[in-house]
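Structure at a glance
This is what each chain is made of:
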Amino acid sequence: MSGTTAPTTQYLDVTGGRIAYDDTEQGDGAPVVLLPGMLDSRTAYRHLRPLLTAAGRRVITMDLRGFGESSIAWDDYSPAAIATDVLALLDHLGIERAVLAGNSYTGATVVKLAGDAPGRVAGIVLLDAFVENLPPNALQRAMFAAMGVLLVHSPAFWGLYHRKMAYPGPKPADFDAYVDGLVAALRTPGRKAATRGYVRGESAPEGWTAAVTCPALVLMGSKDPDFPRPELVADRQAAALRARKVMIEGAGHYPMADHPQATADALLPFLAELA
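Residues numbered from 1 in each chain as written. Predicted model: local features only at pLDDT ≥ 70, side-chain atom pairs only at ≥ 80, totals over all residues. Heavy atoms only, no water.

Another point: the nonpolar core. Counting 81 residues, the largest nonpolar core has Leu100, Ile124, Val125 and Tyr198 as its most contacted members. Per-element tally for this core: the top contributor is strand S6 (residues 121-127), with six residues. (Core = buried A, V, L, I, M, F, W, Y, C linked by side-chain atoms within 4.5 Å. Buried < 20%, exposed > 50% of the residue type's maximum accessible area, 1.4 Å probe, protein only. Helix = DSSP H or I, 4+ residues; strand = E, 2+ residues; numbered from the N terminus.)

For the rest of this paragraph, the subject is unusual backbone geometry. Backbone geometry at Glu132 places phi at a positive 55 degrees, although glycine is not the residue there. Following the sequence through the fold, Glu132 ends up in the loop between S6 and helix H4 (138-153). Not every positive phi belongs to a glycine, and Arg242 is a case in point at roughly 55 degrees. Take Arg242: it is sitting in the loop between helix H8 (230-241) and strand S8 (244-248).

With respect to burial, strand S4 (residues 57-62) is a largely interior element, six of its six residues being buried. Alternating positions in S4 separate into two faces, Arg57, Val59 and Thr61 on one and Arg58, Ile60 and Met62 on the other, with burial throughout. Relative to S4, strand S2 (residues 17-23) is paired through three bridges, and the arrangement is antiparallel. Residue Tyr21 lies in a different strand from S4, and its bridge partner there is Met62. Relative to S4, strand S3 (residues 28-35) runs parallel, the two sharing four bridges. Its bridge partner being in S4, Leu34 is matched across the sheet by Thr61. With respect to chirality, the unit in which S3 leads through helix H1 (residues 49-54) into the neighbouring parallel S4 is right-handed. (Pairing = 2+ DSSP bridges. Right-handed = clockwise from strand over helix to strand, strands pointing away.)

Let us now look at the packing of aromatic side chains. Taken as a whole, this structure holds seven aromatic pairs when the rule is applied. Judged by centre distance (5.4 Å) and plane angle (50 degrees), the rings of Tyr77 and Tyr198 are tilted. With Tyr77 in the loop between S4 and helix H2 (79-93) and Tyr198 in helix H7 (residues 191-199), the pair connects residues that are 121 residues apart, well separated along the chain. Comparing Tyr77 with Tyr198 shows no difference in burial state: the two are buried. Ring centres of Tyr105 and Tyr198 lie 5.0 Å apart, and the angle between their planes is 65 degrees; this geometry places the pair in the edge-to-face category. In this pair, Tyr105 sits in the loop between strand S5 (98-103) and helix H3 (107-116) while Tyr198 sits in helix H7, placing the two residues 93 residues apart along the sequence. For the pair shown, Tyr105 and Tyr198 are each scored as buried. Taken together through their ring pairs, the aromatic side chains of Phe67, Tyr77, Tyr105 and Tyr198 make up a single cluster. (Phe/Tyr/Trp six-rings, centres within 6.5 Å; stacked < 30°, edge-to-face > 60°.)

As a further point, take the side chain of Asp63. Positionally, Asp63 belongs in the loop between S4 and H2. A distance of 2.7 Å separates a polar atom in the side chain of Asp63 from the backbone nitrogen of Glu69. If we skip the residues at most four places from it in the chain, Asp63 touches Ile19, Ala20, Ser41, Arg42, Gly68, Glu69 and Ser70. (Polar contact = N/O pair within 3.5 Å; in protein donor to acceptor, adjacent residues only side chain to side chain. Contact = heavy atoms within 4.5 Å.)

To continue, consider H3. Most of H3 sits out of view: eight of its ten residues are buried. If you check which residues of H3 are buried, you get Gly107, Ala108, Thr109, Val110, Val111, Leu113, Ala114 and Gly115. In this fold, the buried residues of H3 make contact with S3, H2, S5 and S6.

Here we take up the side chain of Asp128. Residue position: Asp128 is located in the loop between S6 and H4. Among buried Asp, Glu, Lys and Arg side chains, Asp128 stands out as unpaired, with Lys245 the closest opposite charge at 12 Å. Within the local environment of Asp128, its side chain forms a polar contact with the backbone nitrogen of Gly221, the two atoms lying 3.0 Å apart. (Lys, Arg positive; Asp, Glu negative; His and termini not counted. Salt bridge = Lys/Arg side-chain N within 4 Å of Asp/Glu carboxyl O.)

A few words on the environment of Ala114. Position of Ala114 among the secondary structure elements: in helix H3. Residue classification places Ala114 among the buried positions, given a relative accessible area of 1%. The spacing of Ala114 and Gly159 is 45 residues in sequence and 33 Å in space, taken between C-alpha atoms. Dropping the residues within four chain positions of it, Ala114 is found in contact with Val121, Ile124, Val212 and Cys214.

None of this, on its own, says anything about what the molecule does.
This is the structure in structure tokens:
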């Protein structure tokens, strides 16, 4: 399969709904499962996936509950619930062990699954993840709450965040169309409830890293606006997971999209070591 041709969408029925995913099917070493952040879709990895497949890796990207091509209405949108979907997908595909990468909200998902099912996880990668974050002060908590309300009731705010904050440096060539698609998705009937499920969830649970024993890689954009001190958060993650840390210079909250080559250059040596 060509590294530049998107695989065909496939579906897996699990308890409570249907999960959409794609699978390049061929490649060396443990397959790599890429999970997007909240309110996003698996096409967040559209620029990184071809670089990994060109390097000979099998890559699987999965839509989260409520977004992308997965079904919208679920009872639970938590990182732990998403971890059960990932494990069900590994079972469905007959994959004994995989490398799991989570961006933002799903950093907690890959940490959770690595701790709960260590025999199934060859390694984990955190991409600008809300794991071991600095405790928010009262002002930050109020700001996060206000942003959550805006995301639920004003989808345009999601577009504003991407255009003005999340990408402080270079933007992909398809950036405007991609962001327009994210905003349109939030306006889909039923999506408000899914959005509310994410913004009210616990994206940065405490204590989960203690159970992780597999190798880990921490990737963090040096200009990520979601963290007042991105490198300090990355240091905390690396210490908790006994992980290697790589700062992606100039990248924002989505380094796999605004700096895909630098992200691949950091990720591929880690994958080679696991093999």
